[in-house]
Amino acid sequence: MLALPPAPPGVVPYIARYSEEKLLKPRIVQHPLFPGVAYADETPYDRDSFGMLWVRPVLLPKRRRGEPRLREIHAYRQRRAMANMLCQVCTRPPEDPDEPPLFLLKDTSGLVVEGERTASPPVCVPCAGISIHLCHGLRGGHYVAARAMYTPAWGVAGLVYDPDTLTPHPGKDLERVEYGTPRAAWTVAARSVVALYGVTPVDLDEEFARFGMARLEDEFARVAGLVGAGL
Ligand SMILES: [Zn+2]
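Rules used throughout
- Residues numbered from 1 in each chain as written.
- Predicted model: local features only at pLDDT ≥ 70, side-chain atom pairs only at ≥ 80, totals over all residues.
- Heavy atoms only, no water.
- Helix = DSSP H or I, 4+ residues; strand = E, 2+ residues; numbered from the N terminus.
- Buried < 20%, exposed > 50% of the residue type's maximum accessible area, 1.4 Å probe, protein only.
- Contact = heavy atoms within 4.5 Å.
- Areas by Shrake-Rupley, 256 points an atom, 1.4 Å probe, with all protein chains shown as cover.
- Lys, Arg positive; Asp, Glu negative; His and termini not counted.
- Charge placed at Lys NZ, Arg CZ, Asp CG, Glu CD.
- Donors = N, O, S within 2.8 Å, 3.2 Å for Na, K, Ca; no water.
- Tetrahedral: all angles 85-135°; square planar, octahedral: opposite > 155°, others 65-115°.
- Core = buried A, V, L, I, M, F, W, Y, C linked by side-chain atoms within 4.5 Å.
- Salt bridge = Lys/Arg side-chain N within 4 Å of Asp/Glu carboxyl O.

Moving on, we get to the overall build of the chain. For the chain, the count of helices and strands is four helices and 13 strands. For the chain, the spread of C-alpha atoms along the three principal axes comes to 60 × 40 × 30 Å. Taken across its 231 residues, the chain has 47% of its residues classed as buried. Partitioning the intrachain contacts of the chain with sequence separation of at least 6 by distance along the chain shows that 74% fall at a separation of at least 24. Surface accessibility of the chain: about 12,300 Å² in total, with carbon and sulfur atoms responsible for 56%. One way to put it: in the chain the 27 positive side-chain charges average out to a point 8 Å from where the 27 negative ones average out.

This is the structure:
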């Protein structure tokens, strides 16, 4: 049983989507230079450094974002958190640059294995505690925690388009697509996916104990304050 202070109410993770943050729907066309998809009005900002085409989420100031949708992810903020290894809840960068980032994954296989791929950016230790309280999928101990020394970009999760119809594969949600594969050119990315290497399992009870109740309470208050101020 985890000894944790009560989680602050109303914390909205940085990567969560809000109701007004819709996706824009630019017209999809065949890429003029190679087999693959492009936007009719594409700009260099639509692709990442691997040349992958990305969805265009609406970016709004906090007060105009509407209601949080805690189970949905904002593509741009997810990508930013992953690219910079920021805490997906409070955006804090790793406290100690030499300490590998902490990942909290839904417990699907029981252990985080070498090379495991995830679209879930890291969490700081206090936010791991908050996430366990707040995240529906993690409640009841259905999670595994690990630190990963190396987190190379592996690919994306996105919609894969049919070369003939230029529409997404019917009935499919986001599919994971590796950078550099032929399917990548036909994909519109919505999440960044990294691979985890140099994995060390983490006992969160021990991490929380190391922090101590008083400091965890302070940290929970810090996160609640940050979120109140509008990340
Ligand atoms: Zn955090």
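Anyway, onward from the coordinates.
Let us look at the coordination of the zinc ion. Perfect tetrahedral coordination of a metal by four donors corresponds to 109.5 degrees between them, and perfect octahedral coordination by six donors corresponds to 90 or 180 degrees. Around the zinc ion, the protein contributes the donor atoms Cys87 (SG), Cys90 (SG), Cys124 (SG) and Cys127 (SG), which lie 2.3 Å from the metal centre. Given four donor atoms and angles of 100 to 115° at the metal, the environment of the zinc ion is assigned as tetrahedral. Residue cysteine 127 is classed as buried on the basis of its relative accessible area of 0%.

What follows is about the nonpolar core. Membership of the largest hydrophobic core comes to 23 residues, with the highest contact counts inside it found for Leu102, Leu104, Leu204 and Phe208. Looking at this core, the elements that each hand over two or more residues are strand E8 (102-106), helix H2 (125-134), strand E10 (143-150), helix H3 (204-211) and helix H4 (213-229). With five residues, the top contributor of residues to this core is H2. Leu53, Ala75, Val156 and Val188 belong to the second-largest nonpolar core, a separate cluster that totals 18 residues.

Glancing now at helix H1 (residues 75-84). What sets the pattern is the α-helix's 3.6 residues per turn: residues three or four places apart point alike. Listing the buried residues of H1 in full gives Ala75, Arg77, Gln78, Ala81 and Met82. Two residues or fewer after H1 comes methionine 85, characterised by a positive phi angle close to 50°.

Moving on, we come to the pattern of salt bridges. Per the stated rule, a full pass over the model turns up 13 salt bridges. Among the salt bridges present, the one from glutamate 21 reaches arginine 77, with a minimum N-O distance of 2.8 Å. Separated by 56 residues along the polypeptide, glutamate 21 in the loop between strand E1 (16-18) and strand E2 (23-24) and arginine 77 in helix H1 bring together distant segments of the chain. Classification of glutamate 21 as buried rests on a relative accessible area of 2%. The closest approach of N and O atoms between arginine 183 and glutamate 175, which form a salt bridge, is 3.0 Å. Taking relative accessible area as the criterion, arginine 183 reaches 34% and is therefore assigned partly exposed. Where salt bridges share partners, they join Glu99, Arg147, Glu207 and Arg210 into one cluster.

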